[in-house]
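Analysis of the macromolecular model
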Amino acid sequence: MILRYILILLWRIWFYIMMGVPIIILFPVLLILTSREEWYAKFFVVARFWAKIVLYGSGFIPKVKKEGEVDRNRSYMFVANHTSMADIMLMLYCVKNPFVFVGKKELAKIPIFGFFYKRTCILVDRSSQKSRKEVFDRAQERLKGGTSICIFPEGGVPDDESVMLDEFKDGAFRLAIDHQIPILPLTFLDNKKRFSYTFFSGSPGLMRAFVHNEIPTKDFTQDQKKELKNKTRTVILNKLSSNSL
């Protein structure tokens, strides 16, 4: 048992090394690409390369199945279940359309990673009503510029380990309706088992993701926000329950 804890500790440390070292090596390039918003698409290409290094370097084997085609020339609201820090890397691995994460501000405190996280993502302080309003305004601007948005609609990782999928917040669906862009749900089937927020847990191995068909929002109004939210949650929950690609 003690040996197992030691091995997991070393492996977890290695994961953070895999996160940090490529960023240090690519620091000058990343600094340039994050200095202007119009260069974000180029930064996104580098971010996807970084995500692959972290996943494969940490012993994860991504396997992605797509239910339909994703249009590379349109904006989406990407949403997925959230149980792991590796969700960020797997989302980048799965999606080729440049998108901006809306994420919790606490991740900006992570050394090295946090520096670029706060330069490229829309950070939210969920305890602040003002912060939530600012997030909505910034997301509006990015969507108007043609960039997609990615939100983990549970609003964080469920406190109860037994909860398969927490209730969804409204923000992603409100934005999608406002801009009449489709929701594109993804289900991450193994991330909780592979690399949860419980420190002495997890292991290298298969990391499956399922990209669902898009859910259109054309002609939806804000009065239908709850319907859209529940439909999206049901799609992801059903896939989690089946636990199969």
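Notes on the structure follow. (Residues numbered from 1 in each chain as written. Predicted model: local features only at pLDDT ≥ 70, side-chain atom pairs only at ≥ 80, totals over all residues. Heavy atoms only, no water.)

Assigned secondary structure in the protein consists of 9 helices and 7 strands. Relative to its length of 245 residues, the protein is compact, with a C-alpha radius of gyration of 18 Å against a globular reference of 18 Å. The buried share among the 245 residues of the protein stands at 50%. Long-range contacts, defined here as pairs at least 24 residues apart, represent 75% of the contacts in the protein between residues at least 6 apart. For the protein, the accessible area works out to roughly 12,300 Å², and carbon and sulfur atoms hold 58% of it. Taken as two groups, the 37 positive and 24 negative side-chain charges of the protein have centres that lie 6 Å from each other. (Helix = DSSP H or I, 4+ residues; strand = E, 2+ residues; numbered from the N terminus. Rg over C-alpha atoms; globule rule 2.2 N^0.38 Å. Buried < 20%, exposed > 50% of the residue type's maximum accessible area, 1.4 Å probe, protein only. Contact = heavy atoms within 4.5 Å. Areas by Shrake-Rupley, 256 points an atom, 1.4 Å probe, with all protein chains shown as cover. Lys, Arg positive; Asp, Glu negative; His and termini not counted. Charge placed at Lys NZ, Arg CZ, Asp CG, Glu CD.)

Turning our attention to the sheet that holds strand 1 (residues 60–66). Across the sheet, which stays open at both edges, the 7 strands sit in the order 1-7-6-2-5-3-4 with mixed pairing between neighbours. Two strands lie at the open edges of the sheet, namely strand 1 and strand 4 (122–124), each paired on one side alone. Pairwise comparison of adjacent strand axes, ignoring direction, gives a mean angle of 20° for this sheet. Note: strand 2 (residues 77–80) against strand 6 (residues 183–188), 4 bridges, orientation parallel. Following the sheet pairing, Ala80 is matched in strand 6 by Leu186. (Pairing = 2+ DSSP bridges. Axes fitted to C-alpha atoms, helices over the stretch in contact; angles between N-to-C directions.)

Buried residues dominate helix 4 (residues 86–94), accounting for 9 of its 9 residues. Ala86, Asp87, Ile88, Met89, Leu90, Met91, Leu92, Tyr93 and Cys94 are the residues of helix 4 that are buried.

It is worth spelling out the pattern of salt bridges at this point. Inspection of the entire model under this criterion finds 7 salt bridges. The salt bridge partner of Glu37 is Arg142, with a shortest N-O separation of 3.6 Å. Taken as a pair, Glu37 in the loop between helix 2 (27–33) and helix 3 (40–57) and Arg142 in helix 6 (residues 129–144) lie far apart in primary sequence, 105 residues in all. With a closest N to O distance of 2.7 Å, Lys229 and Asp170 form a salt bridge. (Salt bridge = Lys/Arg side-chain N within 4 Å of Asp/Glu carboxyl O.)

The next thing to look at is the side chain of Arg194. Position of Arg194 among the secondary structure elements: in helix 8 (residues 191–195). Here Arg194 is buried and forms no salt bridge, its nearest opposite-charge partner Asp190 lying at an N-O distance of 5.5 Å. When neighbours within four sequence positions are excluded, Arg194 is seen to be in contact with Trp11, Phe60, Gly202, Ser203, Pro204, Gly205, Leu206 and Met207.

The residue Gln180 is not glycine, and still its phi comes out positive at about 55°. Looking at the element boundaries, Gln180 is found in the loop between helix 7 (171–179) and strand 6. Judged by its relative accessible area of 33%, Gln180 is partly exposed. Even without being glycine, Asn243 reaches a positive phi, approximately 50°.

Closest axis-to-axis distance for the helix 3/helix 4 pair is 8 Å, and the angle between their directions is 120°. When the axis of helix 3 is compared with that of helix 4, the two are oblique. Helix 3 and helix 4 meet at a crossing whose hand is left-handed. For the pair helix 3 and helix 4, the contacting residues are Phe44, Ala47, Arg48, Trp50, Ala51, Lys52, Val54, Leu55 and Tyr56 in the first and Met89, Leu90, Leu92 and Tyr93 in the second. Broken down by class, the residue content of the contact of helix 3 with helix 4 amounts to 11 nonpolar, no polar and 2 charged. (Parallel < 35°, antiparallel > 145°, perpendicular 65-115°, else oblique. Left-handed = near helix turned anticlockwise from the far one by under 90°. Nonpolar A, V, L, I, M, F, W, Y, C, P; charged D, E, K, R; others polar.)

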